[in-house]
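Given next are the chains, with one letter for each unit.
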Amino acid sequence: MLTRRRARCGRPNGRGSAPGGHGGGEVVGASWIKLAMAEYRDARVIRTSDWGALGMRNASPLNLVGATRPEIAALLADLDPRPFRVQQVYHWVTRRFAGSIADMTDLSLALRAALSQRAVLADPSLRAEHRGRDGTVKYALELADGAVVEAVVMPGDDRTTLCLSSQAGCAMGCIFCVTGAFGAGRNLTAGEIFGQFRVLVRRGGLEGTPLNVVFMGMGEPLLNVAGVFGALEFLYETVSPKRVTLSTSGIVSGLAKLAALPRRPNLAVSLNATTQEQRQRLMPVAARWPLDELMDALRRYPLERGRRITIEYVLLGGENDSLDDARRLARLLRGLPVKVNLIPFNPDDEVLPGLVTPSPATVDAFGACLAGAHLNVTVRWSRGQEVLAACGQLRGGLRNTAPVRRGQEEGAVRTTAAH
Ligand code: SF4
């Protein structure tokens, strides 16, 4: 069956201004605390001189965005160690999207004041926001160290899809991807990834809205398993694992780690080629994890009942879009529980010159060939192209830097993929 629909997701870019300087949450600084204290007439004021008694001397404030239950329990140990209290605070961050500790209105004023002395609620700052005519909104979000990542909101008929970044850049160097053209960036922490989600939900007024979450933004999620797997646990508080999709370029060692998770998201694999030589030309990751190893890993991958692996295939005019490619792809996928997303290439003449979008007729013929082989195929004409939020178009804070050269990218791939 060949179906057509507009793409739900992309690898993002944006412009706009942050309300009040912070996108979703706010940093609780000394002046904020003074203000809060003035409001909390009944609160027991905890001065820094009390910290020794509280075991807090020299402690830096814990960011509750990204804090686990045990970390919150340790924080509350001398204040109110009851398990339900820990759960309350955790849920204010992960389910109720509190913007500040003051918002946690079912905690006593005294407890909120005490908590404000030793913890903050700090999300990434909204640096820019750009809205497309198709409803796609791309956000540029600044992290505490100044790194900028992009995240995208794509409204749908019955669900809104949020696309998150896992790294501030990407070392994988896929030749069709703007993010990859700018080279490696650091891994995001679980709190920074979940913070993107919180900002998007709060900014978009999406509390209570049915959501999908896709890890298809900047970065290779399986090169940041600590950050991504940690963020999944926070996300699962409001989004079912069935509604979360992790997309990888084919990190075979990471697939084994993903397979071992007790609660797994959906898996998408960015395949884009049907021979080792072709894949290595388009995606340097194939030099480290060859196509046959990747396909073996997909055959072994444990899928829950009713789930399928999504195979993403970016169609590049004259590169991988022939009927021979389509037939080889059908053979490669034979017997695998998959659905195929065909993604006509999103052009970027500035950063990715020489790559072209195939004609609609070519896309149709490619899809029809796969459908004729009884594969479930969707053509995903990407949304968000006008705001550079479509697949392969995200570059975060890299807009004013030059793309790295091919040789540098490949070196980075070998280094990064080794762990
Ligand atoms: S497609 Fe994904 S893995 Fe490849 S360079 Fe872009 S962000 Fe990295």
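Nothing here was measured: the structure is a model prediction, and the numbers come from that model. (Residues numbered from 1 in each chain as written. Predicted model: local features only at pLDDT ≥ 70, side-chain atom pairs only at ≥ 80, totals over all residues.)

### Details of the overall build of the protein
Now for step 1: Counting its regular elements, the protein contains 14 helices and 13 strands.
Now for step 2: Among the 419 residues that make up the protein, the fraction classed as buried is 51%. (Helix = DSSP H or I, 4+ residues; strand = E, 2+ residues; numbered from the N terminus. Buried ≥ 20, exposed ≤ 12 C-beta atoms within 10 Å, placed from the backbone.)

### A few points about the confidence of the model for the protein
Now for step 1: Here the protein averages 83 in pLDDT, while 77% of its residues score no lower than 70.
Now for step 2: Here residues 1-58 scores under 50 on pLDDT; set against residues more than four positions off or in separate chains, the count is 139 contacts.
Now for step 3: Across residues 404-419 the pLDDT falls below 50, and counting only partners more than four positions away or on other chains, this stretch makes 26 contacts in the model. (pLDDT = per-residue confidence, 0-100. Contact = placed C-beta atoms within 7 Å.)

### As for the packing of helix H2 (residues 69-76) against helix H3 (residues 83-94)
Now for step 1: Running from N to C, H2 and H3 point in directions that differ by 120°, and their axes come no closer than 9 Å. As summarised for this structure, H2 and H3 are arranged oblique, according to the angle between their axes. Relative to H3, H2 is oriented so that their crossing is right-handed. Between H2, through Arg69, Ile72, Ala73 and Leu76, and H3, the contact on the second element is made entirely by Arg85, Val86, Val89 and Tyr90.
Now for step 2: Of the residues contributing to the contact of H2 with H3, the split by class is six nonpolar, no polar and two charged. (Axes fitted to C-alpha atoms, helices over the stretch in contact; angles between N-to-C directions. Parallel < 35°, antiparallel > 145°, perpendicular 65-115°, else oblique. Left-handed = near helix turned anticlockwise from the far one by under 90°. Nonpolar A, V, L, I, M, F, W, Y, C, P; charged D, E, K, R; others polar.)

### A short note on the packing of helix H12 (residues 323-333) against helix H13 (residues 360-372)
Now for step 1: Where H12 contacts H13, the axes come no closer than 9 Å and their chain directions differ by 30°. Between H12 and H13, the crossing angle belongs to the class labelled roughly parallel. For the pair H12 and H13, the crossing hand works out as right-handed. Across the interface between the two elements, Leu323, Ala326, Arg327, Leu329 and Ala330 of H12 pack against Ala365, Phe366, Cys369 and Leu370 of H13.
Now for step 2: Residue composition of the contact of H12 with H13, grouped by class: eight nonpolar, no polar and one charged.

### Some details on the nonpolar core
Now for step 1: By size, the foremost hydrophobic cluster in this structure holds 112 residues, and its most contacted members are Ala151, Leu162, Phe176, Tyr313, Leu315 and Leu342.
Now for step 2: Of all the elements, helix H6 (residues 190-204) adds the most residues to this core, at seven residues.
Now for step 3: When residues of this core are assigned to domains, at least three fall in each of domain 1 (2-18 + 125-417) and domain 2 (26-120).
Now for step 4: When sequence neighbours within four positions are dropped, the list of residues in contact with leucine 315 reads Asn320, Asp321, Leu342, Ile343, Pro344, Phe345, Pro358, Val363 and Phe366. (Core = buried A, V, L, I, M, F, W, Y, C linked by C-beta atoms within 7 Å. Domains from an automatic or database assignment.)

### Overview of the environment of alanine 273
Now for step 1: Along the polypeptide, alanine 273 turns up in the loop between strand S10 (266-270) and helix H9 (276-282).
Now for step 2: Taking the number of C-beta atoms within 10 Å as the measure of exposure, alanine 273 has 24 and is therefore buried.
Now for step 3: Those residues in contact with alanine 273 that sit more than four places away from it in its chain are Gln278, Arg279, Leu282, Met283 and Asn320.

### Remarks on the pairing of strand S4 (residues 125-131)
Now for step 1: The element S4 is extensively covered by neighbouring structure, given that five of its seven residues are classed as buried.
Now for step 2: Relative to strand S5 (residues 137-142), S4 is paired through six bridges, and the arrangement is antiparallel. Considered in S5, the bridge of arginine 131 is made with valine 137.
Now for step 3: Where S4 folds back onto S5 in an antiparallel hairpin, the turn is made up of five residues, including glycine 135, whose phi is positive at roughly 95°. (Pairing = 2+ DSSP bridges.)

### As for unusual backbone geometry
Peptide bonds are mostly trans, and most non-glycine residues show a negative phi.
Now for step 1: A positive phi angle, near 70°, is found at asparagine 272, a position not held by glycine.
Now for step 2: When you line up the elements, asparagine 272 lands in the loop between S10 and H9.
Now for step 3: Assessed through the 27 C-beta atoms surrounding it within 10 Å, asparagine 272 is described here as buried.
Now for step 4: Not every positive phi belongs to a glycine, and histidine 374 is a case in point at roughly 65°.
Now for step 5: As for its placement among the helices and strands, histidine 374 is situated in the loop between H13 and strand S13 (376-381).
Now for step 6: Given 9 C-beta atoms within a 10 Å radius, histidine 374 is considered exposed.

### Overview of H2
Now for step 1: Among all positions in H2, only Ile72, Leu75 and Leu76 are buried. Viewed along the axis of H2, the buried residues span an arc of 90°, placing them on a single side of the element.
Now for step 2: Those residues of H2 hidden inside the fold are in contact with strand S2 (62-63), H3, helix H4 (109-118) and strand S3 (119-120). (Arc of directions from axis to C-beta.)

### Focus: the site of the ligand
Now for step 1: Neighbouring the ligand are 14 residues, the closest being Cys170, Met172, Cys174, Cys177 and Gly180.
Now for step 2: In terms of residue class, the shell around the ligand is made up of five nonpolar, seven polar and two charged. (Near = placed C-beta within 6 Å.)

### Quick look at the pairing of strand S9 (residues 244-248)
Now for step 1: Counting buried positions along S9 yields five of five residues, so the element is predominantly enclosed.
Now for step 2: Every second residue of S9 is oriented toward a common face, with Val244, Leu246 and Thr248 on one face and Thr245 and Ser247 on the other, all of them buried.
Now for step 3: Crossover connection from strand S8 (residues 211-215) via helix H7 (residues 225-235) to parallel S9: handedness right-handed.
Now for step 4: Bridge analysis of S9 against S10 gives four bridges, and the strand direction is parallel. Note on S10: the bridge partner recorded for threonine 245 is asparagine 266.
Now for step 5: Regarding the hand of the β-α-β motif, the stretch spanning S9, helix H8 (residues 252-259) and S10 is right-handed. (Right-handed = clockwise from strand over helix to strand, strands pointing away.)

### So, H4
Now for step 1: Taken across its 10 residues, H4 has seven buried, putting it largely inside the fold.
Now for step 2: When H4 is considered as a whole, its buried residues turn out to be Leu111, Arg112, Ala113, Ala114, Leu115, Ser116 and Gln117.

### Concerning the environment of phenylalanine 215
Now for step 1: Inspection of the secondary structure assignment puts phenylalanine 215 in strand S8.
Now for step 2: Spatially, the C-alpha atom of phenylalanine 215 lies 8.7 Å from that of valine 228, the residues being 13 residues apart in sequence.
Now for step 3: Not counting residues up to four positions away in its chain, the partners in contact with phenylalanine 215 are Leu164, Ser166, Pro221, Val228, Thr245, Leu246 and Ser247.

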